[in-house]
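One-letter residues, chain by chain:
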Amino acid sequence: MAPSVASEADMAQALAVVRPNLVKDRMEAGQIAHSLGLRICLSTEMALLAQRAGYHAVLMNLEHSATGLETASAICTACLNVGITPMVVVPTNSPEWISRTLDSGAQAVIVPHVSTVESAKACVNAAKYPPIGTRSMTMLNAITQYSTGIHFKAISKVSNDTTIIMPMIETKEGLENVEAIAAVEGIDCLLVGCGDLCVDLDIPGEYDSPIFLAAVAKVAAAVDAANAASGQKRFIGLGGLETRPDRMEDLTRRYPCIRYLMAGRDIVHMFNGMKAQCKTFAEINDKIQQ
């Protein structure tokens, strides 16, 4: 019996229902994509606020916060409805977390502490449908707009193309193995965890250090080599450099494959705004006392 093949009509049907991924589209167009991190402002209203402010994505970090999957799912759906990319950092590299997070509406999953080829392959298996990975299929989710009856191979192909799996390079071991990790089929982007990587390299916070710059260069060379060998476009993201826009600009100029940037968290923006307003009122108070 011949294997089932998706027709052009099947592909068109899948393309019509699967939500586009703004971050991936921007990276593939050579544009920078940036995200707002949510830690304390967990209302679904944040999706529209982020979109109106100009962010391309909302990022929820389930590794370093008490945010639960139900909350993340609601915000993911809100992001899809306003056309920005919902992104989630999962707590650990396990299929239970990765596939459930994607089923809950995330379009990009960041996986911490990926330091070996085996762990990179585990990310892909959990995130991508066959033939690339082994993720179990469900169409009843926000990504596919709860559609049913679409050809399995069509929905698998379109979903795989619009899903970003992003292992983190944040250890010396991961840096040593980055060429092999970048070459794993199905990897879409490598996220350099700048803070943790510098700690592991014994240069905490030293983003001007030649050691850190050499590490980023090594990751970029690995991604470029993997792209040349496979024809697939892989990218690099940077996390932890929000306070160094000069360094982010420098690295994105040097390396065209760096096209995703974390752009800070709600708690920092709120605190800075609160400090600025309190300073204004303190100044008013001082003036009227004169």
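Residues numbered from 1 in each chain as written. Predicted model: local features only at pLDDT ≥ 70, side-chain atom pairs only at ≥ 80, totals over all residues. Heavy atoms only, no water.

S.K.: Help me understand the packing of helix 11 (residues 210-230) against helix 12 (residues 245-254) in this model?
M.R.: The angle between the axes and the distance between the axes are what describe a pair of packed helices. Orientation of helix 11 relative to helix 12, taken along the N-to-C sense of each, is 40°, at an axis distance of 11 Å. For the element pair helix 11 / helix 12, the angle class is oblique. In terms of crossing hand, the pair formed by helix 11 and helix 12 is right-handed. Along its contact with helix 11, which presents Phe212, Leu213 and Val216, the element helix 12 presents Arg247, Leu251 and Arg254. Classifying every residue of the contact of helix 11 with helix 12 by side-chain character gives four nonpolar, no polar and two charged. (Axes fitted to C-alpha atoms, helices over the stretch in contact; angles between N-to-C directions. Helix = DSSP H or I, 4+ residues; strand = E, 2+ residues; numbered from the N terminus. Parallel < 35°, antiparallel > 145°, perpendicular 65-115°, else oblique. Left-handed = near helix turned anticlockwise from the far one by under 90°. Contact = heavy atoms within 4.5 Å. Nonpolar A, V, L, I, M, F, W, Y, C, P; charged D, E, K, R; others polar.)

S.K.: Help me understand the pattern of salt bridges in this model?
M.R.: For the coordinates displayed, the defined rule picks out twelve salt bridges. Residue Glu179 is joined to Lys218 by a salt bridge in which the shortest nitrogen-to-oxygen separation is 2.9 Å. Highlighted residues: Glu179 in helix 9 (residues 178-182) and Lys218 in helix 11, separated in sequence by 39 residues. By relative accessible area, Glu179 is classed as partly exposed at 39%. In this structure, Asp208 and Arg247 form a salt bridge, with 2.6 Å as the shortest nitrogen-oxygen distance. Of this pair, Asp208 sits in the loop between helix 10 (194-200) and helix 11 while Arg247 sits in helix 12, and the two are 39 residues apart along the sequence. Assessed through its relative accessible area of 11%, Arg247 is described here as buried. Each of Asp208, Arg244, Asp246, Arg247, Asp250 and Arg254 takes part in one network of salt bridges that share partners. (Salt bridge = Lys/Arg side-chain N within 4 Å of Asp/Glu carboxyl O. Buried < 20%, exposed > 50% of the residue type's maximum accessible area, 1.4 Å probe, protein only.)

S.K.: I'm lost on helix 4 (residues 69-82) in this one. Help?
M.R.: Structurally, the α-helix is built with 3.6 residues per turn, so residues lying three or four positions apart point the same way. For helix 4, spanning 14 residues, the distance from its first C-alpha to its last is 20 Å, which sits close to the expected 20 Å at 1.5 Å a residue. Taken residue by residue, helix 4 has Leu69, Ala72, Ser73, Ile75, Cys76, Ala78, Cys79 and Leu80 as its buried positions. (Expected span 1.5 Å × (residues − 1).)

S.K.: How should the pairing of strand 1 (residues 33-38) be read in this particular structure?
M.R.: Regular strands place side chains that alternate from one sheet face to the opposite one. The buried count for strand 1 comes to five of six residues, which makes it a mostly enclosed element. Two strands pair when backbone bridges link them, and strand 1 and strand 2 (residues 57-61) are joined in this way by four bridges, in the parallel orientation. Residue pairing in the sheet places Leu36 in a bridge with Val58 of strand 2. Crossover handedness for the path strand 1 to helix 3 (residues 45-53) to strand 2: right-handed. (Pairing = 2+ DSSP bridges. Right-handed = clockwise from strand over helix to strand, strands pointing away.)

S.K.: I would appreciate a short explanation of the nonpolar core in the present structure.
M.R.: Most often, soluble globular proteins have nonpolar side chains that are buried together. Of all hydrophobic cores here, the largest spans 64 residues; its most connected members are Met60, Ile98, Leu190, Phe212, Ile236, Leu238 and Leu251. For this core, the leading source of residues is helix 11, giving nine residues. With 17 residues, the next largest nonpolar core counts Leu59, Ile164, Met166 and Leu191 among its residues. (Core = buried A, V, L, I, M, F, W, Y, C linked by side-chain atoms within 4.5 Å.)

S.K.: What is the right way to look at the packing of aromatic side chains in this model?
M.R.: Think of a pair of aromatic rings as described by two things: how far the centres are apart, and how the planes are tilted against each other in angle. Taken as a whole and assessed by the stated rule, the structure comprises one aromatic pair. Ring centres of Tyr207 and Phe212 lie 5.5 Å apart, and the angle between their planes is 65°; on these two criteria the pair is classed as edge-to-face. The exposure class assigned to Tyr207 is buried, which follows from its relative accessible area of 12%. (Phe/Tyr/Trp six-rings, centres within 6.5 Å; stacked < 30°, edge-to-face > 60°.)

S.K.: Hey, could you run me through the pairing of strand 8 (residues 258-265) in this one?
M.R.: Burial within strand 8 is extensive, with six of its eight residues counted as buried. Here strand 1 pairs with strand 8 via four bridges, running parallel. Its bridge partner lying in strand 8, Ala33 is registered against Tyr260. By the bridge criterion, three bridges tie strand 7 (residues 235-239) to strand 8 in an arrangement that is parallel. Paired with Leu238 across the strands is Leu261, a residue of strand 8.

S.K.: Before we go on, may I ask you to explain unusual backbone geometry in this structure?
M.R.: Residue Pro131 follows Pro130 across a cis peptide bond; omega there is 10°. You can see Pro131 is positioned in the loop between helix 6 (117-127) and helix 7 (152-162). A positive phi is found at Gln145, a non-glycine position, where the angle reads about 55°. For Gln145, the location among the structural elements is in the loop between helix 6 and helix 7. Residue Gln145 is classed as partly exposed on the basis of its relative accessible area, which comes to 39%.

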